[in-house]
Amino acid sequence: MTIRPRRLRRTPAIRSLVREHHVHAEHLVQPLFVVERDADAGAVASMPGISRFTVEGAVGEARELFALGVPAVLLFGIPAGKDTTGSSNADPNGVVQRTIRAIKSAVPDMLVIADLCNCEYASHGHCGVLDANGNVDNDATVTLLARIAVTYAQSGVDVVAPSDMMDGRVEAIRSALDAHGFDAVAILAYSAKYASAFYGPFREAAESAPAFGDRRGYQMDPPNVREALREIALDIEQGADAVMVKPGLAYLDVVRAAREAFEVPIAVYSVSGEYAMLKAAIANGWLEERVIDEVLIAFVRAGADIVITYFAKEWAARNR
Ligand code: PBG
């Protein structure tokens, strides 16, 4: 007798009968870039198919995403001006705050997640507040992030997603939200966020490249996985409702390790560089479009519950 696993691969029907994992639009999150100044809207050169939207444009996009079955957006703001402290980030009328209100009023059932960080707002492009020596001041940053989170909550955000990688920020944000009566606003923590070169196109889209130095003093060192589990454990202890591993493709082992160690939902962020490289190869005819499906299923198979991807809209439109 020969054991023949090929029997279960013989026809489309039998393959789908035994298929172990699926991608569902309801687990996808589409990142959206929103500009304060209308003139800054338009295509992002290094991310074909991705645009920077005005507030009204973001509402239209949210409507289309919702109709396609994508339930959530992750907002990034590009303010009209930057200063050394990133003050417009905490403005109740800032671009993200206005976008949250506009989307929640036009498409109330759309989940609105707001990225919480200072790099798009501060002229130095670092994720926090700088001290007199030009170092990122952890505790001053945490205080500021908590204040910004409250303004997002006041605007109606469903989830805040701190992406700064400061220590202690989840606890500070949770306390500030609770103290202002926003105990229902959830925290999706960018817990294991690596100092990655895959963020390149995002920094063009969000105008957030650091003016000097790099982010290695706060984002994680790519070779470390035990440290990722420690970061995740700390964020859960501090009250994170869900945690994130970022980037995705080069860190699938971290997603799997997190899945095995923790019960909370795990998000993976397939970042701008992952999108750009697939888009470029597809545009050149070097890869077939179905690599997109193969990559999205890899995140699910690795154990992610939530997949944040610039392909969300495109994938949902193709698979409705
Ligand atoms: C902000 C932030 C970044 C990304 C998400 N939030 C950039 C960075 O840390 O430099 C990257 C997302 C992407 O590349 O798609 N701190």
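Structural notes, computed from the coordinates.

Definitions and cut-offs
Residues numbered from 1 in each chain as written. Predicted model: local features only at pLDDT ≥ 70, side-chain atom pairs only at ≥ 80, totals over all residues. Heavy atoms only, no water. Phe/Tyr/Trp six-rings, centres within 6.5 Å; stacked < 30°, edge-to-face > 60°. Helix = DSSP H or I, 4+ residues; strand = E, 2+ residues; numbered from the N terminus. Buried < 20%, exposed > 50% of the residue type's maximum accessible area, 1.4 Å probe, protein only. Lys NZ or Arg CZ within 6 Å of the ring centre and 35° of its normal. Contact = heavy atoms within 4.5 Å. Patch = residues over 30% accessible without salt bridge, like charges linked within 9 Å, V, L, I, M, F, W, Y side chains within 5 Å. Areas by Shrake-Rupley, 256 points an atom, 1.4 Å probe, with all protein chains shown as cover. Salt bridge = Lys/Arg side-chain N within 4 Å of Asp/Glu carboxyl O. Core = buried A, V, L, I, M, F, W, Y, C linked by side-chain atoms within 4.5 Å.

Comments concerning the packing of aromatic side chains
Here is step 1: One pass over the structure, following the stated rule, counts nine aromatic pairs.
Here is step 2: Taken together, a centroid distance of 6.1 Å and an interplanar angle of 45° make the contact between Tyr269 and Tyr310 tilted. Highlighted residues: Tyr269 in strand β11 (residues 266–270) and Tyr310 in the loop between β12 (306–309) and α11 (312–318), separated in sequence by 41 residues. No difference in accessibility class separates Tyr269 from Tyr310, as the two residues are buried.
Here is step 3: Here the aromatic rings of Tyr275 and Phe311 are separated by 4.6 Å at their centres, their planes lie at 50°, and the arrangement is tilted. You can see Tyr275 sitting in helix α9 (residues 272–283) and its partner Phe311 sitting in the loop between β12 and α11, a full 36 residues away along the chain. The burial state of Tyr275 is the same as that of Phe311; both residues are buried.
Here is step 4: Each residue in the set Phe33, Phe76, Tyr190, Phe202, Tyr269, Tyr275, Tyr310 and Phe311 is aromatic and connected to the rest through ring pairs, giving one cluster.
Here is step 5: Positioned over the ring face of Tyr269 is Lys246, at 4.8 Å from the centre of the ring.

Description of the environment of Val307
Here is step 1: Within the secondary structure, Val307 is located in strand β12.
Here is step 2: Sequence separation between Val307 and Asn284 is 23 residues; the distance between their C-alpha atoms is 26 Å.
Here is step 3: Sequence-distant contacts of Val307, that is, excluding residues within four places in its chain, are made with His27, Leu28, Val29, Val268, Leu296 and Phe299.

Regarding a nonpolar patch on the surface
Here is step 1: Where nonpolar side chains cluster on the molecular surface, the patch consists of Leu8, Leu17 and Val18 and spans about 300 Å² of accessible area.
Here is step 2: Mapped onto the secondary structure, Leu17 falls in helix α1 (residues 12–17).
Here is step 3: Judged by relative accessible area, which is 70%, Leu17 ranks as exposed.

A short note on the nonpolar core
Here is step 1: The biggest cluster of nonpolar side chains holds 99 residues, and the ones touching the most others in it are Phe33, Leu74, Tyr152, Val160 and Tyr269.
Here is step 2: At seven residues, helix α10 (residues 291–302) tops the list of elements feeding residues into this core.
Here is step 3: Membership of the second largest hydrophobic core comes to six residues, among which are Cys117, Cys119, Cys127 and Met166.

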